[in-house]
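What follows is the residue order along each chain.
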Amino acid sequence: MKISIALATYNGERYLKEQLESINSQTIKPDEVIFCDDASTDSTINIIKDFKNSVPYSCQIIKNIEKKGASVSFKRAIDFCKGDIIFFCDQDDVWMPNKIELMEKEFLNNPNIDFVISDALIVDNNLENLGYTLWQQRKFNKYWQHKFLSNKEINVFLKKNIITGMTTAISSNLKEIGDCKPEQVYHDAWYIYIASINNMHGSLIREPLVKYRQHENQQFGALKKNLMLRIKNYYKNYYFDINKSISILDPLIQYCNNHDLNSEASLEFLNKYKYLKRRKSILIDANYKSFFRILYEIFNLNYLKYGSINDIPLDLLFNIKLMVHKYLTNN
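Residues numbered from 1 in each chain as written. Predicted model: local features only at pLDDT ≥ 70, side-chain atom pairs only at ≥ 80, totals over all residues. Heavy atoms only, no water.

Residues of helix α4 (residues 99-109) that are buried: Lys99, Ile100, Met103, Glu104, Glu106 and Phe107. On an axial view of α4, the arc spanned by its buried residues comes to 155°, and they lie on one face. Seen from the open side of α4, the exposed residues pointing more than 90 degrees away from its buried face are Leu108 and Asn109. On its buried side, α4 packs onto β1 (3-9), β4 (85-89), β5 (94-95), β6 (113-123), β8 (168-171) and β9 (201-213). (Buried < 20%, exposed > 50% of the residue type's maximum accessible area, 1.4 Å probe, protein only. Helix = DSSP H or I, 4+ residues; strand = E, 2+ residues; numbered from the N terminus. Arc of directions from axis to C-beta. Contact = heavy atoms within 4.5 Å.)

In structure tokens:
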């Protein structure tokens, strides 16, 4: 099978060399690496050119004239990939030497799958092991893994955020089906959700195949947080997180409507979308009626299906806080 790697870069000089070295140290080498650089102002392009000149496989460099963001850069890189399998690659992580080999083997052994997701080892900025994996941090335990492998991926995706680009590889077939990815949606969630609503299935590799570096400049992360910090972040990011989830599902719902899809997954994503919109209204209105809206979500088991039971007391407290704030402001 032909192997492609889609790698988006932006001012990545600090960690990029280590990532590229890990690619070139794979037990099975890629057939091509497609870079899309987002108008870097440091030495990133020079590092990529040095790499291109030192490896025997194809490297293509695409440059954004002005900064477009990681979502656009990844889409451009993916569009140029010609492989049977496309690996998503971040600039600041490090791959285990057998990542390509094990993922390719998974595709070969399971010809009916269209994506593979592995675990990842969480490390600090110096690649020191922090003592846990990504799946442990996301509480993606054996129960949820069994659901996933029983072709019930949608039940997992509604509850667990296990999709991260650097642990994911997709088929060329899925790439083509998800070609209409909108700019504001990140590549990893888009392609895997598109697979789900089209009744396409994936597989898991329980072994960590990436060292997922945690550092101050990354967009996302996987550091463990204690309960008080989680509550603090919840209040701080409440509106942002709900809006972010809605913005991811918006184009997905539009895709389903345009393609007249009514699979179980598409209907469940629509139900989650409506659930998030209702929760957003609680934040906007913040009055006594909001308590009845929260009760509606409780009695219909929507927190259990599409969110977390832990959100119930937090939603109640947040609504009380906003009501008190409105009262004090008006008086």
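Right, let's talk about the pairing of strand β2 (residues 32-37) for a bit. Counting buried residues in β2 gives six out of six residues, a clear majority hidden from the surface. Of the two faces of β2, the one lined by Glu32, Ile34 and Cys36 and the one lined by Val33, Phe35 and Asp37 are each fully buried. As paired strands, β1 and β2 are joined by six bridges and run parallel to one another. Its bridge partner lying in β2, Ser4 is registered against Glu32. For the crossover from β1 across helix α1 (residues 16-24) to β2, the handedness is right-handed. Strand direction decides the pairing type here: β2 and strand β3 (residues 58-63), joined by six bridges, are parallel. Among the inter-strand pairings, Phe35 is bridged to a residue of β3, identified as Ile61. (Pairing = 2+ DSSP bridges. Right-handed = clockwise from strand over helix to strand, strands pointing away.)

What follows is about the packing of aromatic side chains. Here the distance between the centres and the angle between the planes together describe a pair of aromatic rings. The tally for this structure, following the rule as stated, stands at 13 aromatic pairs. For the pair Trp190 and Tyr255, a centre-to-centre distance of 6.0 Å together with 90° between the ring planes defines the contact as edge-to-face. Of this pair, Trp190 sits in helix α9 (residues 187-197) while Tyr255 sits in helix α10 (residues 227-258); the two residues are 65 residues apart in sequence, bridging distant segments of the chain. For the pair Trp190 and Tyr255, a shared accessibility class is recorded, and that class is buried. Between the aromatic rings of Tyr275 and Tyr306, the centroid separation amounts to 6.0 Å while the plane-to-plane angle is 45°, which identifies the pairing as tilted. Of this pair, Tyr275 sits in helix α11 (residues 264-285) while Tyr306 sits in helix α13 (residues 302-306), placing them 31 residues apart in sequence. For the residue pair Tyr275 and Tyr306, the accessibility class agrees, reading buried in each case. Joined through ring pairs, the aromatic side chains of Phe115, Phe148, Phe157, Tyr193 and Phe269 make up one cluster. Cation over ring: Lys67 sits above Tyr10, and NZ or CZ is 4.6 Å from the ring centre. Between the NZ or CZ atom of Lys99 and the centre of the ring of Trp95, over which it lies, the distance is 3.8 Å. (Phe/Tyr/Trp six-rings, centres within 6.5 Å; stacked < 30°, edge-to-face > 60°. Lys NZ or Arg CZ within 6 Å of the ring centre and 35° of its normal.)

A few words on the nonpolar core. Judged by nonpolar contacts, the single largest core of 85 residues is most densely connected at Ile23, Phe51, Phe87, Phe115 and Phe269. In terms of residues, this core owes the most to one element, α9, which gives eight residues. Beyond its immediate stretch of four places on either side in the chain, Phe269 contacts Ile154, Leu158, Tyr193, Ser196, Ile197, Leu249, Leu252 and Ile253. (Core = buried A, V, L, I, M, F, W, Y, C linked by side-chain atoms within 4.5 Å.)

Looking now at the pattern of salt bridges. For the structure on display, the rule yields nine salt bridges. Linking Glu18 and Arg213 is a salt bridge whose minimum nitrogen-to-oxygen distance equals 2.8 Å. On the criterion of sequence distance, the pair formed by Glu18 in helix α1 and Arg213 in strand β9 is long-range, its members being 195 residues apart. For Arg213, a relative accessible area of 1% gives the class buried. The closest approach of N and O atoms between Arg279 and Asp315, which form a salt bridge, is 3.0 Å. In this pair, Arg279 sits in helix α11 while Asp315 sits in helix α14 (residues 311-330), placing the two residues 36 residues apart along the sequence. For the pair Arg279 and Asp315, one class covers both residues: buried. (Salt bridge = Lys/Arg side-chain N within 4 Å of Asp/Glu carboxyl O.)

Looking now at the side chain of Gln214. Summarising the element assignment, Gln214 is placed in the loop between β9 and α10. Side-chain polar atoms of Gln214 contact the backbone oxygen of Tyr212, separated by 3.2 Å. (Polar contact = N/O pair within 3.5 Å; in protein donor to acceptor, adjacent residues only side chain to side chain.)

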